[in-house]
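Results of the structural survey
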Amino acid sequence: MASPQKDIAVLIGSLRRDSINKKAALALDHLAPDSLRLSQVDIATLDYYNQDFDADPAETPITYRAFRERIARADGVLFLTPEYNRTIPAVIKNAVDVGSRPYGKSVWAGKPAGVISMTMGVLGGFGANQDLRRLLGNMDMRVMQQPEVYLSSAHEIFGAEGVIDKESTRTFLKSFIDAFATWVQHHPALAA
Ligand SMILES: Cc1cc2nc3c(=O)[nH]c(=O)nc-3n(C[C@H](O)[C@H](O)[C@H](O)COP(=O)(O)O)c2cc1C
């Protein structure tokens with residue numbers, strides 16, 4: 001019998017309307033095997049993390065609650081990020097911070113994670129990618145190590161609906177998402 005589909009929360013580190021990372025998420029959705037169901041999680045409307053809001057549950061914003069519940073029920077998390085000033089954009093860091101609290105109740109611990117970075121430049125977001133891996137490791141996530149994905153000149157890769165013209169890039173991203181599906185099967189998310 002086939003295993004049930006794994007629910008993958010997709011977090012995108014760009015709020016830009018024409019974001020390459022958003023197009024890449026569409027492309028991965030097309031390429032993903034049937035064993036994965038990718039769904040984007042909105043982090044644009046997540047309130048900034050403020051510890052005061054967790055001191056009294058009555059003050060905890062609805063956006064924190066909804067985000068934490070969404071991540072808690074995911075079987076894995078896929079991060080797509082640009083690089084901002086040689087590291088991750090603030091929206092990703094904020095999302096990680098919100099999910100990491102209240103203390104002792106992090107929704108990240110034990111979940112499998114995948115990381116993809118891309119920029120219009122030549123380095124493919126190497127700095128952001130490495131910083132994000134370190135951060136997620138610290139969150140005790142099971143971060144897939146290979147294949148690493150740093151997409152340079154990424155604005156030349158994806159069409160409007162995430163169509164990838166270049167076959168070698170399509171094949172590479174397919175190999176990534178297939179490997180991630182296997183990773184998620186072999187590293188089931190631990191109960192929160
Ligand atoms: C505030 C800011 C800082 C940036 N810093 C870097 C950087 O350090 N390295 C880099 O390669 N690109 C940098 N860029 C370019 C973005 O990575 C690039 O525009 C990317 O395509 C944005 O992703 P998106 O298309 O998904 O919005 C920066 C862009 C912005 C807005």
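Residues numbered from 1 in each chain as written. Predicted model: local features only at pLDDT ≥ 70, side-chain atom pairs only at ≥ 80, totals over all residues.

1. As for the overall build of the chain
Scanning the chain from terminus to terminus reveals 6 helices and 6 strands. Reading the chain from its N terminus to its C terminus gives the helix and strand order β-α-β-α-α-β-α-β-α-β-β-α. In terms of overall size, the chain behaves like a compact globule, its C-alpha atoms giving a radius of gyration of 16 Å where 192 residues would be expected to give roughly 16 Å. Seen through its C-alpha atoms, the chain measures out along the principal axes to roughly 55 × 45 × 25 Å. For the chain, the proportion of its 192 residues judged to be buried stands at 39%. (Helix = DSSP H or I, 4+ residues; strand = E, 2+ residues; numbered from the N terminus. Rg over C-alpha atoms; globule rule 2.2 N^0.38 Å. Buried ≥ 20, exposed ≤ 12 C-beta atoms within 10 Å, placed from the backbone.)

2. Section: helix α1 (residues 20-31)
Relative to the 16 Å expected for 12 residues at 1.5 Å per residue, α1 spans 16 Å between its end C-alpha atoms, a close match to the ideal helical length. Along α1, the positions that sit buried rather than exposed are Ile-20, Asn-21, Lys-23, Ala-24, Ala-25, Ala-27 and Leu-28. Tucked into the core, α1 has its buried residues touching β1 (6-12), β2 (36-40), β3 (76-81), β4 (112-118) and α6 (167-186). (Expected span 1.5 Å × (residues − 1). Contact = placed C-beta atoms within 7 Å.)

3. Digging into the nonpolar core
Within the largest apolar cluster, 52 residues are counted, with the highest numbers of intra-cluster contacts made by Val-10, Leu-11, Ala-24, Val-77 and Phe-79. When sequence neighbours within four positions are dropped, the list of residues in contact with Phe-79 reads Leu-11, Ile-92, Ala-113, Gly-114, Val-115 and Leu-132. (Core = buried A, V, L, I, M, F, W, Y, C linked by C-beta atoms within 7 Å.)

4. What about unusual backbone geometry?
Cis geometry is found at the peptide bond from Arg-101 to Pro-102, where omega equals 0°. Of note, Pro-102 is situated in the loop between α4 (90-100) and β4. Look at the link from Gln-146 to Pro-147: it is a cis peptide, with omega at 0°. Note that Pro-147 resides in the loop between β5 (142-143) and β6 (149-151).

5. A few points about the pairing of β1
Counting buried positions along β1 yields 6 of 7 residues, so the element is predominantly enclosed. Summarising the sheet, β1 and β2 pair through 5 bridges and their orientation is parallel. Note that in β2 the partner of Asp-7 across the bridge is Arg-37. (Pairing = 2+ DSSP bridges.)

6. Notes on the site of the ligand
Surveying the vicinity of the ligand reveals 15 residues, the closest of which are Ser-14, Ser-19, Asn-21, Pro-82 and Thr-119. The class makeup of the residues in the shell around the ligand is 5 nonpolar, 7 polar and 3 charged. (Near = placed C-beta within 6 Å. Nonpolar A, V, L, I, M, F, W, Y, C, P; charged D, E, K, R; others polar.)

7. Focus on the environment of Thr-171
Structurally, Thr-171 can be placed in helix α6. Note: C-alpha distance between Thr-171 and Asp-42 (129 residues apart in sequence) is 28 Å.

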